[in-house]
Amino acid sequence: MKLKVCLFAITYSFACFSYGAESAIQEVFKPVIAKVKTSKTPVYLPTRLPKDLLEKINTVRGYISPNGYGVSLYYRDDIISFTTQIGSFKGSNKLKIPAPHGQKVLLKGQIAGQFRPVSCGGSCAPANLWWQKEGYQYQIQLKLASNMDEVKQQQILTDIANAMVKVE
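Right, let's walk through the structure included here. Everything numeric here is computed off the predicted structure, so don't read it as measured data.

Here we take up the packing of aromatic side chains. Scanning the entire structure with this criterion turns up three aromatic pairs. Here the aromatic rings of F29 and F89 are separated by 5.8 Å at their centres, their planes lie at 80 degrees, and the arrangement is edge-to-face. One end of the pair, F29, is in helix 1 (residues 22–36); the other, F89, is in strand 6 (residues 85–92), with 60 residues separating them in the sequence. When sorted by exposure, F29 lands in the same class as F89, which is buried. Grouped by ring-pair contacts, the aromatic residues Y44, W131 and Y138 constitute a single cluster.

Structure below.
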C-alpha cells in the first residue's frame, strides 16, 4: 500500500511525498529491534519513510552504546563506507547542542527541533533533524538529493519525526 501526503507550503506550491506502507517499514526494522531495545535510552523508530528510500534499503544495522542506540539503513551489504548509507536514527542520554546553522522546527506535542538540510562541499552531508524528549536527544539523518528544495527536505524529516513510535 502506498500513502501519499500532500502539503501546502508557505511558498504557495504543493509538495507531495509518497510514503511506504507501515507494515513494510516494520519489516525493515524487525532484524534490529531485539538488539536496540536493550538500550537504557527509550528507543523510537519511524512508522513512515519515503517510498523511494524504503525501496533502496538492503541492510539494516543496529547498535547500542553506554549512551544510547543507533539504527542505520544501507542500500548495499558493503557498509565499509558511509557512501552506502541511506540514513540513520539515533537516541542518546547525552544532551548536546546540534550543529550550528540549523533551522528551528516544531514537532507534534510542541517539541522544538532543529533541522539542517543537505549540505555539499567536497562531498554531501545528509539532512538532519534533532530534538529532545523526556531528557533524551534523538536524531534523524537521511541522504536526500542535494538539489531537493530545503522546504521539502524539512517536511520529510519532520513527517518522519512526527511518526516515530516508542519500541516496547
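Mapped onto the elements of the fold, Q141 is located in strand 12 (residues 136–142). The exposure class of Q141 is buried, given its relative accessible area of 18%. Of note is the side chain of Q141, whose polar atom sits 3.0 Å from the side chain of N128. Non-local contacts of Q141, meaning those with residues more than four positions away in its chain, are made with Q85, I86, G87, S88, P126, A127 and N128.

What follows is about the sheet that holds strand 7 (residues 103–107). Pairing is antiparallel across the open sheet formed by seven strands, whose spatial order is 4-5-6-12-11-8-7. If you trace the sheet from one side to the other, it starts and ends with strand 4 (59–65) and strand 7, each paired once. Taken pair by pair, the neighbouring strands of this sheet meet at an average axis angle of 15 degrees, ignoring direction. Bridge count for strand 7 against strand 8 (residues 111–116) is five bridges, and the pairing is antiparallel. Looking at strand 8, one finds that V105 is bridged to G113.

So, on to the environment of P117. For P117, the position within the fold is in the loop between strand 8 and strand 9 (119–120). Each C-alpha atom, one on P117 and one on H101, is 9.8 Å from the other, the two residues being 16 residues apart in sequence. For P117, the residues in contact, after removing those within four places along its chain, are Q103, P126, A127, E150 and Q153.

Extensive coverage of strand 5 (residues 68–74) is indicated by the burial of seven of its seven residues. Residues G68, G70, S72 and Y74 of strand 5 are buried on one face, and the alternating residues Y69, V71 and L73, pointing to the opposite face, are buried as well. Where strand 4 and strand 5 come together, seven bridges link them in antiparallel fashion. Each bridged residue has a counterpart across the sheet, and for S65 the counterpart in strand 5 is G68. The pairing of strand 5 with strand 6 spans seven bridges and is classified as antiparallel. Its bridge partner lying in strand 6, L73 is registered against G87.

Another aspect to go through is the nonpolar core. If you look at the biggest cluster of nonpolar residues, it comprises 37 residues, and the most contacted ones within it are L49, L73, F89, W131, I140 and L157. Take this core: its biggest share by element is five residues, from helix 1. With near-sequence residues (within four places) excluded, F89 lies in contact with F29, L45, P46, L49, Y69, G70, V71, L73, Q139, I140, I160 and M164.

Definitions and limits used
Residues numbered from 1 in each chain as written. Predicted model: local features only at pLDDT ≥ 70, side-chain atom pairs only at ≥ 80, totals over all residues. Heavy atoms only, no water. Phe/Tyr/Trp six-rings, centres within 6.5 Å; stacked < 30°, edge-to-face > 60°. Helix = DSSP H or I, 4+ residues; strand = E, 2+ residues; numbered from the N terminus. Buried < 20%, exposed > 50% of the residue type's maximum accessible area, 1.4 Å probe, protein only. Polar contact = N/O pair within 3.5 Å; in protein donor to acceptor, adjacent residues only side chain to side chain. Contact = heavy atoms within 4.5 Å. Pairing = 2+ DSSP bridges. Axes fitted to C-alpha atoms, helices over the stretch in contact; angles between N-to-C directions. Core = buried A, V, L, I, M, F, W, Y, C linked by side-chain atoms within 4.5 Å.

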